[in-house]
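# Results of the structural survey
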Amino acid sequence: MKAIIIGGGIGGLSAAIALKRCGIETEVYEAVKEIKPVGAAISIWPNGVKCLNYLGLHENVTALGGNMAYLAYNDGHSAATLTRFSLSPLVKAVGERPYPVARAELQNMLLEQYGKDAVQFGKRVTHIEEQKDGVCAWFEDGHKATGDLLIAADGTHSVIRNWVLGYQTERRYAGYVNWNGLVEIDETIAPADQWTTFVAEGKRVSLMPVAGNRFYFFFDVPLPKGLEEDRSTLRDDLKRYFSGWCPPVKKLIDTLDPQTTNRIEIHDIEPFMQLVRGRVALLGDAGHSTTPDIGQGGCAAMEDAVVLAIALQTNSLGIEDALLRYQAKRNERVKDLVLKARKRCDVTHGKDQQATHAWYDELKTETGERIMAGIEDTVMGGPLA
Ligand code: FAD
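This write-up is about the structure you can find in this document. Computed from a prediction, not measured in an experiment: that's the story for all the values here.

### Here's the deal with the overall build of the protein
The helix and strand tally for the protein stands at 12 helices and 18 strands. At 21 Å, the protein has a C-alpha radius of gyration in line with the 21 Å of a compact globule built from 385 residues. Counting only C-alpha atoms and orienting by the principal axes, one finds that the protein spans roughly 65 × 45 × 40 Å. Counting only residues that meet the buried cut, the protein has 56% of its 385 residues in that class. In the protein, of all internal contacts separated by at least 6 residues, the share reaching a separation of at least 24 is 72%. Accessible surface, the protein as shown: approximately 15900 Å² in total, 49% of it carbon and sulfur. Measuring between centres, the 43 positive side-chain charges of the protein sit 1 Å from its 50 negative side-chain charges.

### What to know about the site of the ligand
Neighbouring the ligand are 31 residues; G11, E30, S43, R103 and D285 lie closest to it. D285 places a polar side-chain atom, nitrogen or oxygen, 2.7 Å from an oxygen atom of the ligand. Between the ligand and G295, the relevant distance is 3.1 Å, taken from a nitrogen atom to a main-chain nitrogen or oxygen of the residue. Elements that contribute at least two residues to the shell around the ligand include exactly helix 1 (10–21), strand 3 (41–44), strand 12 (171–184) and helix 9 (297–314). Here the shell around the ligand is built from residues that sort into 12 nonpolar, 13 polar and six charged.

### Section: the pattern of salt bridges
Evaluated as defined, the whole model comprises 26 salt bridges. For K123, the salt bridge goes to D141, with nearest N and O atoms at 2.6 Å. Placement of the pair is K123 in the loop between strand 7 (119–120) and strand 8 (125–131) and D141 in the loop between strand 9 (134–139) and strand 10 (144–147), with a sequence separation of 18 residues. With a closest N to O distance of 3.0 Å, D186 and K251 form a salt bridge. Linking D186 in the loop between strand 12 and strand 13 (194–200) with K251 in helix 8 (residues 247–255), this pair joins segments that are 65 residues apart in sequence. For K251, a relative accessible area of 35% gives the class partly exposed. Residues joined in a network through salt bridges with shared partners are E229, D237, R240, R263 and E265.

### Here we look at the sheet that holds strand 14 (residues 203–210)
The strand order 5-4-13-14-15-12-16 describes an open sheet built from seven strands, whose pairing is mixed. Edge positions in the sheet fall to strand 5 (81–86) and strand 16 (262–269), since each has one partner strand and no second. With strand direction ignored, the average angle separating the axes of adjacent strands in the sheet is 20 degrees. Judged from the six bridges that link them, strand 4 (residues 70–75) and strand 13 form a sheet pairing that is parallel. Bridging across to strand 13, A72 finds its partner in T196. Most of the contacts of helix 10 (residues 319–348) go to strand 16, to which it runs at about 125 degrees, and overall it touches strand 12, strand 14 and strand 16.

### A short note on the sheet that holds strand 9
Across the sheet, which stays open at both edges, the three strands sit in the order 8-9-10 with antiparallel pairing between neighbours. The outermost strands of the open sheet, each flanked by one partner alone, are strand 8 and strand 10. Here the average twist between neighbouring strands, direction ignored, is 20 degrees.

### Details of the nonpolar core
Core analysis: the largest hydrophobic core is formed by 93 residues, its most contacted members being I44, L106 and L150. Among the elements that take part in this core, helix 9 stands out by supplying nine residues, more than any other. Aside from chain neighbours lying at most four places away, what touches L106 is I10, I42, I44, L52, L64, V101 and M302.

### Focus: the pairing of strand 5
Looking down a regular strand, the side chains alternate between one sheet face and the other. With five bridges joining them, strand 4 and strand 5 adopt antiparallel strand pairing. Each residue of the ladder has a partner; that of Y70, found in strand 5, is S86.

### Observations concerning the packing of aromatic side chains
Following the criterion strictly, the structure yields nine aromatic pairs and no others. With 5.6 Å between their ring centres and 45 degrees between their planes, Y216 and F218 make a pair best called tilted. The two residues Y216 and F218 agree in class, both being buried. An aromatic cluster is defined as three or more aromatic residues linked by ring pairs; in this entry it consists of F217, F219, F242 and W245.

Conventions we followed
Numbering of residues starts from 1 in every chain and runs along the sequence as written. Residues qualify for local features only when their pLDDT is at least 70, as the model is predicted, and side-chain atom pairs are given and counted only at 80 or more; totals for whole chains, interfaces and linings, by contrast, use all residues. Working from all heavy atoms in the structure, the side-chain values ignore hydrogens and water. Working definition: helices are DSSP H or I runs of at least four residues, strands are E runs of at least two. Numbering for both runs from the N terminus. Only the C-alpha atoms count toward the radius of gyration. The rule for a globule is 2.2 Å times the residue count to the power 0.38. For the exposure calls, accessible area comes from a 1.4 Å probe over protein chains only, and a residue counts as buried if that area is under 20% of its type's maximum, exposed if over 50%, partly exposed in between. When checking whether two residues touch, look at their non-hydrogen atoms; a contact exists if any pair is within 4.5 Å. In short, Shrake-Rupley with a 1.4 Å probe defines the accessible areas, and a residue's cover is counted only from the protein chains shown. Just so you know, the count uses Lys and Arg for positive and Asp and Glu for negative, and it drops His and the chain ends. By convention, the charge on Lys lies at NZ, on Arg at CZ, on Asp at CG and on Glu at CD. Definition of nearness: a residue and a molecule or strand are near each other if at least one heavy atom of the residue lies within 4 Å of the molecule or strand. Side-chain atoms alone can form a polar contact between residues adjacent in sequence; in general such a contact is a pair of N or O atoms within 3.5 Å, and within protein one must be able to donate a hydrogen while the other accepts it. For this classification, Asp, Glu, Lys and Arg are treated as charged, while Ala, Val, Leu, Ile, Met, Phe, Trp, Tyr, Cys and Pro are nonpolar and the rest, including Gly, are polar. What makes a salt bridge here is a side-chain nitrogen of Lys or Arg within 4 Å of a carboxyl oxygen of Asp or Glu, nothing more. Only when DSSP finds a minimum of two bridges between them are two strands counted as paired. What counts as an axis is a line fitted to C-alpha atoms, over the stretch in contact for a helix, and the angles between N-to-C directions run from 0 to 180 degrees. Take the buried residues of types Ala, Val, Leu, Ile, Met, Phe, Trp, Tyr and Cys, join any two whose side-chain atoms come within 4.5 Å, and each joined set is a nonpolar core. Side-chain rings of Phe, Tyr and Trp, where Trp is taken by its six-membered ring, are said to pair if the distance between their centres is within 6.5 Å; with planes under 30 degrees apart they count as stacked, over 60 as edge-to-face, and otherwise as tilted.

Laid out in structure tokens, this is it:
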């Protein structure tokens, strides 16, 4: 059996490693010559870590991950602690730790595990066609690839999604802009072993430790889409949006490097219930694009990869049947993640000011139990729970 995998991001490479481990021949085609991930880092929650463990990457991910032992919310103006608690009850409940990791390092880890030379870079698929007993993909440079099945891991702007669904999906602007990057850990900004988030005005500023004595930081601000802001205005923009905020936030803005800080308008896609057409399967953001508000987009792509590999390995009624079983296992799960993230997004970013202020008040009485129960629920919905 040979699978063509389109896209060499988190989803495509996780799928390639998972299928290879099941003895399935794979070919990976990636559009760009060199992958430069759009974000600085991501948090891999225990459901994602378990998938990486399954792919034989436990030691690698622990080496890249920061020590995120505590979680805290602080008031953005006064820096007063609203809540702070240890994440160890969560780790005990779900059986694995979360690891925030730098994206470039995660990407490199997956590439190394699959085999860097085995990925065909600079190959952008233009269209695909299902043929009798196989699938054919055509590329911009005239190349043609054939396989028994095709995995479309070509991200949120997927060109293959239209072919699978038979209609064009719209990306939905979530109403806020995210800036993210990496800085050296500075404990006058936040503790080194804590996920710290400053909140006020429907905005947030967050820091998570990653390996190499670095904080992954991000800022969220509710804003209209399409503002003319870029790296040249970045520091001034953030200073304006966070004027009157506490000294740690001001220090972070002064410390960050605008040249390596990303600015992203956050989108998702209304969930749809079809991930498969014949011998073609959507995987990762191509099949379910979410806002990053519960940190699950990449984790869900890893889950897809594991479920798809197991479906192909353990079912003997043919490829189409295995893909339908993959779809049946993933549909509700990914819909749930997208909608959960959207709900969280709206509360965090002041869509309804009253709800956001009620949440700020709730944080003052939070012992950790409610927040960890929510994370546990998300994590335990994964395939390796
Ligand atoms: P992508 O990473 O987009 O990879 C798709 C690949 O396909 C790309 O390399 C692209 O070049 C290639 N490609 C595209 N078109 C073609 C084509 N026509 N032919 C060939 N190749 C093609 N997730 C988490 O789990 N935790 C987090 O903390 C988290 N934080 C996030 C923060 C932000 C600000 C954002 C924006 C996202 C975050 N995510 C997080 C989500 C996560 O980044 C995505 O879900 C994940 O990258 C999806 O992986 P993917 O492989 O499906 O898509």
